[in-house]
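An overview of the molecular structure
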Amino acid sequence: MKTSIATVSISGDLREKLAAIASAGFDGVEIFEQDFLAFDGTPAEVGRMVRDHGLEITLFQPFRDFEGLPEPQRSRAFDRAERKFDVMQELGTQLMLICSNVAPIALGGIDRAAADFRELGERAAKRGLRVGYEALAWGRHVNDHRDAWETVRRADHPNIGLILDSFHTLARGIDVDTIRSIPGDRIFIVQLADAPKMEMELLNWSRHYRSMPGQGDLPVVDFMRAVAATGYAGPLSLEIFNDQFRGGSPRSIAIDGHRSLVNLMDHVRRVEPAAVAVEVPAMPDRVRVEGVEFVEFAANEQEAGELGKLLATMGFAPKAKHRNKDVVLWRQGPASSAINIVINTEHEGLAHSSYLVHGTNAYALGIRVEDAQATVMRARALGATLFEQQHGPGELAIPAIRGVGGGVIYFIDGRSELAGVWDIEFEPLPDSKANDAGLIAVDHIAQTMNYEEMLTWILFYTAIFRTEKSPMVDVVDPGGLVRSQVMESQDGALRLTLNGAESRKTLAGHFIAESFGSSVQHLAFRTRDIFATAAAMEKLGFRPLKISANYYDDLEARLGIEPAMSARLRTRNILYDRDEAGEYFQLYSTNYGEGFFFEVVERRGGYRGYGAVNAPFRIAAQKRQLRPAGVPRPVSG
Ligand SMILES: O=C(O)c1ccc(O)c(O)c1
Ligand SMILES: [Mg+2]
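Residues numbered from 1 in each chain as written. Chains lettered and ligands numbered in written order. Predicted model: local features only at pLDDT ≥ 70, side-chain atom pairs only at ≥ 80, totals over all residues. Heavy atoms only, no water.

An unreviewed UniProt entry annotates the protein as 3-dehydroshikimate dehydratase originating from Devosia nitrariae. The UniProt entry for the protein carries the following text under Catalytic activity (unreviewed entry): "3-dehydroshikimate = 3,4-dihydroxybenzoate + H2O". According to its UniProt record, the protein has this under Sequence similarities (unreviewed entry): "Belongs to the bacterial two-domain DSD family." (UniProt positions renumbered as here; feature names shortened; annotations may be inferred.)

1. Quick word on the layout of surface pockets
Roughly 780 Å³ of volume is contained in the largest pocket. Lining the largest pocket we find 35 residues, and of these Lys325, Gln389, Leu396, Ile398 and Tyr410 sit closest to its centre. Breaking the lining of the largest pocket down by element, the ones donating at least two residues are β9 (289-298), β12 (339-344), α13 (349-358), α14 (372-381) and α15 (421-425). Broken down by element, the residue count for the lining of the largest pocket peaks at four residues, all from α14. Here the lining of the largest pocket is built from residues that sort into 18 nonpolar, nine polar and eight charged. (1 Å grid on protein atoms, 1.4 Å probe; cavity = no way out; pocket = protein on both sides within 12 Å on 5 of 7 lines; lining within 4 Å. Points joined across faces, edges and corners; volume = space filled by probe spheres on them. Helix = DSSP H or I, 4+ residues; strand = E, 2+ residues; numbered from the N terminus. Nonpolar A, V, L, I, M, F, W, Y, C, P; charged D, E, K, R; others polar.)

2. Overview of helix α18 (residues 530-539)
Along α18, the positions that sit buried rather than exposed are Ile530, Phe531, Thr533, Ala534 and Met537. One side of α18 carries all its buried residues, which in axial view fall inside an arc of 160°. Turning to α18, the residues buried within the fold contact β17 (439-450), β22 (519-527), α20 (563-572), β24 (582-588) and β25 (597-605). Structurally, the start of α18 carries an N-cap: the backbone nitrogen of Phe531 is 3.1 Å from a side-chain oxygen of Asp529. In the segment just after α18, Gly541 is the residue with positive phi, at about 100°. (Buried < 20%, exposed > 50% of the residue type's maximum accessible area, 1.4 Å probe, protein only. Arc of directions from axis to C-beta. Contact = heavy atoms within 4.5 Å. Polar contact = N/O pair within 3.5 Å; in protein donor to acceptor, adjacent residues only side chain to side chain.)

3. Observations regarding the coordination of the magnesium ion (ligand 2)
Any two of four tetrahedral donors ideally make an angle of 109.5 degrees at the metal, while pairs among six octahedral donors ideally make 90 or 180 degrees. Note on the magnesium ion (ligand 2): its protein donors are Glu134 (OE), Asp165 (OD), Gln191 (OE1) and Glu239 (OE). The metal-donor distances range over 2.0 to 2.2 Å. In this structure, the magnesium ion (ligand 2) is coordinated by six donor atoms arranged in octahedral fashion, with angles at the metal of 77 to 177°. Here the donor residues of the magnesium ion (ligand 2) share one chain and are spaced in sequence as E-x30-D-x25-Q-x47-E. Pair noted here: Glu134 is in strand β5 (residues 130-134) and Asp165 is in strand β6 (residues 160-165), with a separation of 31 residues, a long-range link. In terms of burial, Glu134 and Asp165 fall into one category: buried. (Donors = N, O, S within 2.8 Å, 3.2 Å for Na, K, Ca; no water. Tetrahedral: all angles 85-135°; square planar, octahedral: opposite > 155°, others 65-115°.)

4. Here's the deal with the sheet that holds β12
Strand order across the open sheet formed by eight strands is β14-β15-β13-β9-β12-β11-β10-β16, with mixed pairing between neighbours. Two strands in the sheet have a free side with no partner beyond their single neighbour: β14 (400-402) and β16 (426-428). Averaged over all pairs of adjacent strands, the angle between their axes in this sheet comes to 30°, without regard to strand direction. Seen against the sheet, helix α12 (residues 301-312) touches β9, β11 (327-332) and β12 and runs at an angle of roughly 165° to β12. Helix-sheet contacts for α14 involve β13 (361-369), β14 and β15 (408-413), and the interaxial angle to β15 is about 145°. (Pairing = 2+ DSSP bridges. Axes fitted to C-alpha atoms, helices over the stretch in contact; angles between N-to-C directions.)

This is the structure we're talking about:
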């Protein structure tokens, strides 16, 4: 199936849009009339420019307020259409989109509209052109693809067909199975868009908040399954009206768009037996994550020393050293299921450049999967950037891709020698005294980024890994809002939270500004007994983040916590939450550097959340620590 995207989806002028669209790998482009009108060149020049990029024009749109008009507006609408047909012939495109009439004078009546389309079909046929009819969700008389299809059916003209747009159908909650009975060859083009669920008027929702399939909450996969069942084999075309994308980078928006289409087609082909016309390059299925094998920090020697001290207070110990590099493995728990923290103080390679740019940071993640090679193959098919670094003698070539903030995601599996990486590349250090604090796994990894980047990374993770996302939530920071998105695998083996900062005054925004870009901001470890762990860690010198007494007073009032329990939480600075399924306990470290921190959590029962209600209290406590009240921040040189 050919991939296409409307020029309106991308920022920049027409030249920039086309360059970005072509380089992202699309086959075609919808010329949105506004983009064309704003361009200083003839239609023929635009057509040539498109074809010089190796693209075809899949659609010219939109043509508005055509059908069902009284005279004299009706005749004028036909004249307008003829003028646009002239433009289309010069541009070198066959297909025009007419969206359903929104004009108050439009008369309605399916037969009247069908008669208008039949006549227009005759005129289009004379020029070898075709016209598709799309139901806008807010159309005056036609706002449902079923009525648009009935109009097209009654027009009964080979040059008149239907245009489906996932947004208009899904935003109105129309049953997508009604698409299955439409003949595929009567659908002239299919437009795709997703959107976050929100309570909003349809027109504003559509014109400002659309997103790429997979980035929002609409069931675009179900829509596409129904389309595929009709036998439709034409282009799939993204039509994304989004204020943020209009100001974004043309290149990265185009790459996201192409990724979203490939991911969608791959998904549909796997789940819809009727999807015979959906062709997409073969690639392995979404990857099931088995766990987090390691988290790697880049640091200089001094900061590595400080980080090591902090880790030691949490029960970690340096267990092994890399045979050729300045890389130390800190570990807690039995080798077979340990939490592995790697500290890299090399003076070359990506770790070093990451350190130079961001300061000490968790620049690499090691993810345990069933098949590391297959994972990289899928990521590559989805346009991810592979990462290869020179490796010394005896070192493994660990498959890897680039991730958030220029970091790396490595893949380890049990089917190759990769599983032996700790024995092959590392030599044990003399045993230090046992000081385990009961931490058993990485519970979740929180990455902080600019809000504008969030949709990119949501799509990246959910397209590669078998993870589901829950709706985005707002976290209130005294300095502004932080948008938070959870992505997790069904069994919790991979839990990621993405935090998008819109203001530098938030803790997350401060972190991005001070560490020069997106990165892991916190790492949460899981324990089976948070009180025992808290006691063990305090013995090791751990200093918890101090939580206000008000928080505990409120907790007693809000959740009816027993005073004895509340006192235990209070003494250890543990935060608490619960849902229908279980309970959640959280303990935080103080900040390390400009806002990085560790968290310890215990999940009881089936608690699935992340303690979002507690975030404002945690953030307030961290801010008190970051910049004590009344003490100005030292000016750094
Ligand atoms: O918002 C609009 O007017 C509009 C125009 C053309 C389309 O294809 C569409 O889906 C929406
Ligand atoms: Mg549309």
